[in-house]
Each structure stands twice: as C-alpha cells, then as structure tokens.
Amino acid sequence: MLSTLLSRIPRLKLSLPSLAIIVAVYFATVMNYPVIAKIFQLSQSVPHIWFPYTAPALLFFCFLIIFAILAIPYLFKPLIAFIVLTSASALYAAVNFHTLFDSAMMENVFETNASEASSYLSVTSVLYLLLFGVIPTLFIFWVKVVPQKSWARAVITRAALVLVGVAGILMIAATSYKDYASVGRNNKYLNKMITPAHLYYAVRYLDKTYFTPQLAYKPQGTDAKLLPTQNGKPTLMVVVLGETARAMNFAYNGYERDTNPYTKDLGLISFQHVSSCGTYTALSVPCMFSNLNRDNYNARRAQAQDNALNIIQHAGVDILWVDNDGGDKGVAKKLPYVAIDGKLRDQQCNGTTCFDAVMLNQAKQFIAKDNNSKLLVLHTIGSHGPTYWQRYPNQDGLFTPACNRADIEKCSDKEITNVYDNTLVYTDYVLAKVVDELKSYSDQYNVAMMYISDHGESLGEKGLYLHGTPYAIAPTEQTHVPWLMWLPNQYAQQKGLDTQCIGQEASRNQYSHDNLFHSLIGFYGVETSVKDNAMDVTQNCRLTVNS
C-alpha cells in the first residue's frame, strides 16, 4: 500500500551536477552551522564586518569542488548517503558536546565498544540522525538523476563547477585573506570543526592502525628483580585504574562536597597536582603505563615495547588485568586478562554494563589462588558518561536531583554535577572494599593500593561536555586527574618508604602520567635499569635501600 502510494508521487528530476550543488549547499550551511556560528563569534575582533558572512560562501565553494569531483554516476548517491548519515552524528556531538573530530577523537571513536557507543543514544541523538541524516538521505535517493546528453558534456559541466568553486575561493581570498589568516592562526582548531572532517581523520586512523607496518617488538626491563623484604612476605598490590575522574571533584583535593566518604578515614595519600597524558582512554591508558613522555608519545612505539606491568612481571610477579571499561587498549596484550561480561543481568549488571564492584569477585579468586607476589589491575568504568547514573546503584545516589538521562545537555548544571559526583562516591566505595580485602591478607602479604584516573571530564564548563578535546586546547577539567595511594605501615616499613614524606611531596609537587611508569615499578619494590629514579614519586622519601 505504502509502496504503491510512494510510486505515484512524482520524483524530482535533476542532473548529477545539480544534485552536487544542493548537497554542497546543505553541507555549507546546515551541517557546518557550528563552525559558522563560531566564526561569527570570533569575528568581533576582525575589522571587516562582512568577514563572517563569507564563511558559508567559502564552505560552499570548497564543497562544490569536492562534490563535483565525486559526482560519478551510480557511485555518488551511496557515497553521499554514507557521508550525510555519519555527518549527522558528528553534528549532534559538535552542537551538544562541542566535540572536535580530529585524529585523536577518531581513535577514541574506533576504540569505543558497542556498550560504550550505546550510552550515547538518546531521544535527541536519534532526532538528529533522523532530521539531518535519514531524511536528507531519503531525499537524495528520491531524486531521479537525469543523464546528461553526452559523456563529454558531463565532464565539461563538472569541470565548470570546479572552476566556479576555485574562482569563488580566490574572490573571497582577495577580500578576506588577512581576516581568515588572523582568525585561523589564533584558532587552529577551526578546521577540525568542519564536517565531514571526521571522515578524513578516520581514513588516517585506519591507515595508521591497519596498513602501516608494525614496529619490531622491543623487550625492556628484562633485568628486573623484586627486592627482598625483611619479613619475607610476598607483595600484593592492587592498581585501580579510574575512568573519567577529575581531581577537582575529589574531597581529598579540597572539593567542598564529601565525595570520599568511604575512604576518608583510611589514610589515603592524594597527589593533588597531576596532569594526564591525554584526554581520552585510548591514548591515556597505553601512554601512562609506557616509559614514553606525553610530549614524545608514539602509539606504535608504545605497543612495540614492554610497559611497566610487563617489567614487573619480568621480576617474577603474577599479574592479572580485570577489565570493566571496554578493553585494556593494548596494555595487557602480554598479560593474563579477564573481561567482565556486561551482557549479564543481575544486581550488578544491567545487560549492557556492570557496576565496578563486580570485579571484586575476580580479585578474590586471583589473590586466593597461591602465595606468590601479585599485582592486580582493576580497570573501572568509573565515571564514564554520558550515562553517569548507570555507574552506581540507585540507592547509592547521595546527591539529588541527578541527571538520569544520556542527553545530559538537557539537564541543569546542578543535576549533571550531582550525578557525576555520585559516580565518584561509588568509586570511593569500591576503593574502600579493595582496601578491606587487602587488609584481610595483611598477615600473608605486604599489601598496598594505588588509584589513578586516565583523564578528566567536562560537565558543561565553557560549553564543553564529556572529554576528548584536543590536548592543546583542553580545559583543566579534562586533564587534572586524581592519584591516590593507600600505604599501610607494614608496607612502608618493608619497602623503606616514609609515609609522611610522601604525603608532603604529594600535596605540593607537580606530577603527571609521565611519572606512573617509574613510580609503579619503584612503589612495588622492583629494581631495573630502565627505571628513572628522578621520575619516581616515592624516590625522595626512601628510608632504606633493600639489598
């Protein structure tokens, strides 16, 4: 019935170049509304009042050249449909979260699993996909392309469109080049706002990841040895890897709310001035465990050499990585690894994700299996947004009203802050549970715990939400991360560490993820030639040297 009705509606007949012009107009105006609005905002410092009005025209001429070249019969429609649909999703992220789709963001996108991706689904995101993606795509396929009279005429027409585009760009350059140079020089991120830049960066990511030859693997730290302790007990340490936790919302760091109610009496040390390696998990996690600094970090190189965990394993330590956050990003590829099954449905899991406390079951099994020295990594889902309310049980929501929806831009600032702080309270609960478990083994082991987050989070400050902003322009909210240590007296004595000294250093010194590689090795009590003592945050607080 519907197909019969649709078949009776007369189809719009257009030549392929005409359709290319329409698509160019659509991308120059609707799809790139965020960058045009930004240029209007930045134009206040430009003397020529006409400058911002040239932006949609310049975009049109650029897109006219691109789509005229792509206007190939039988290929144009499916190609443009793909570009339009993906661009609709990019537009949603750009408008609502101020997301920039550069190489880093595309790496983040490709490293996101199905569970994480589903958390971004909301009424608003679906509407964006329908209005700006599906409906224009249906229009494109509804249009009946009328073949041009000859192959030569088609080529000439497309060439003419390209020439018009070039002429338009030159005309704007003649009148506004200085204005664009000035604004562009001071706001280099603008080109990353242009849709569909995400496709360009996606191709770059795929080429780098799948078509660039891998580097030869380079073992390091094979001379690692675990220094003996006076009491002869093995070492048991838990490293809790946080997700999207920002330091400024930790009570330990002066936050006015008690977001650390469960651990505040446990004597944890907070390193208060710590910056992250990146603003998204796929970069920060492998970077923080490597011996490469943020300034010289190279993902291919990091994946082709041993990290801090591998080196500690060289010292004869049993290691297990338990993951509740979409993967280890290559850090645990040479280590025992357990992933939490988020598809379960019970008190801890909702069929998509699980609360972080579920990892404690794997922790107990690992600790109890023998009496060797062990290091356990718990990779938490922590405060992963935008579905913050799914990170903790409803009854544990301390701050209300909370933003219990994925399209957080629809919530008030207070509701977003409340739901985010609730995730930190629950993380604190998990840390307290880890400490309780470690305490129960203190007769058998020298026990300790470390917590550090991969990056921070924006909650609407400066119009930004979530994370992943390019580091050069990323706000402090996304780069200032918490780093905690639980260092009981027995562990400190056996490892020759001055707890009070570490606390003083932690409160006044500036640190970063660059310190983690060397500090984790040193804190565990492993000696190796690849460890840089100057980068170990505990080095200045050593009382004795084990031999």
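As the structure is a computational prediction, the values presented were derived from the model and not from experiment.

Trainee: Where do I start with the packing of helix H2 (residues 16–29) against helix H4 (residues 54–70) in this structure?
Mentor: When two helices pack together, their arrangement is captured by the angle between the axes and the distance separating the axes. Following both chains from N to C, one finds H2 and H4 inclined at 140°, their axes separated by 8 Å at the closest point. In terms of orientation, H2 lies oblique with respect to H4. Viewed along their axes, H2 and H4 form a crossing whose handedness is right-handed. Touching Ala20, Ile21, Val23, Ala24, Val25, Phe27 and Ala28 of H2 are Pro56, Leu59, Phe60, Phe63, Leu64, Phe67 and Ala68, all from H4.

Trainee: I keep staring at the state of the cysteines and nothing clicks. Help me out?
Mentor: Each disulfide consists of a covalent bond between the sulfur atoms of two cysteine residues. Inspection of the entire model under this criterion finds four disulfides. What pairs with Cys349 in a disulfide is Cys354, and their sulfur atoms sit 1.9 Å apart. Sign of the S-S torsion, about 105° for the bond between Cys349 and Cys354, identifies this disulfide as right-handed. A single burial state applies to Cys349 and to Cys354, both of which are buried. With its sulfur 2.0 Å from that of its partner, Cys501 forms a disulfide with Cys541. On the sign convention where negative means left-handed, the S-S torsion of about -65° between Cys501 and Cys541 marks this disulfide as left-handed. Placement of Cys501 in helix H19 (residues 499–508) and of Cys541 in the segment after strand S15 (526–527) is noted, with a sequence separation of 40 residues between them. The pair Cys501 / Cys541 is uniform in exposure class, with both members buried. Numbered by position along the chain, the disulfide-linked cysteines of the protein chain connect as 1-2, 3-4, 5-6, 7-8.

Trainee: I tried to follow the packing of aromatic side chains on my own but got confused; where do I start?
Mentor: Two measures describe an aromatic ring pair: the distance that separates the ring centres and the angle between the ring planes. Tallied over the entire structure, the rule returns 24 aromatic pairs. On the basis of an interplanar angle of 15° and a centroid distance of 5.8 Å, the ring pair of Phe63 and Phe67 is categorised as stacked. Within this pair, Phe63 and its partner Phe67 are both found in helix H4, separated by four residues, close to a single helical turn. Each member of the pair, Phe63 together with Phe67, is buried. Each ring, one from Tyr262 and one from Tyr429, has its centre 5.4 Å from the other, and the planes form 70°; the classification is edge-to-face. In this pair, Tyr262 is assigned in the loop between strand S4 (235–242) and strand S5 (269–271) and Tyr429 in helix H16 (residues 413–439), connecting sequence segments 167 residues apart. Of the aromatic side chains, those joined through ring pairs into one cluster are Tyr92, Phe97, Tyr128, Phe132 and Tyr465. The ring centre of Phe399 lies 4.2 Å from the NZ or CZ of Arg257, which sits over that ring. Here Arg294 stacks its cationic end above the ring of Tyr471, 3.8 Å away from the centre of that ring.

Conventions and cut-offs
Residues numbered from 1 in each chain as written. Predicted model: local features only at pLDDT ≥ 70, side-chain atom pairs only at ≥ 80, totals over all residues. Heavy atoms only, no water. Axes fitted to C-alpha atoms, helices over the stretch in contact; angles between N-to-C directions. Helix = DSSP H or I, 4+ residues; strand = E, 2+ residues; numbered from the N terminus. Parallel < 35°, antiparallel > 145°, perpendicular 65-115°, else oblique. Left-handed = near helix turned anticlockwise from the far one by under 90°. Contact = heavy atoms within 4.5 Å. Disulfide = S-S within 2.5 Å. Buried < 20%, exposed > 50% of the residue type's maximum accessible area, 1.4 Å probe, protein only. Phe/Tyr/Trp six-rings, centres within 6.5 Å; stacked < 30°, edge-to-face > 60°. Lys NZ or Arg CZ within 6 Å of the ring centre and 35° of its normal.

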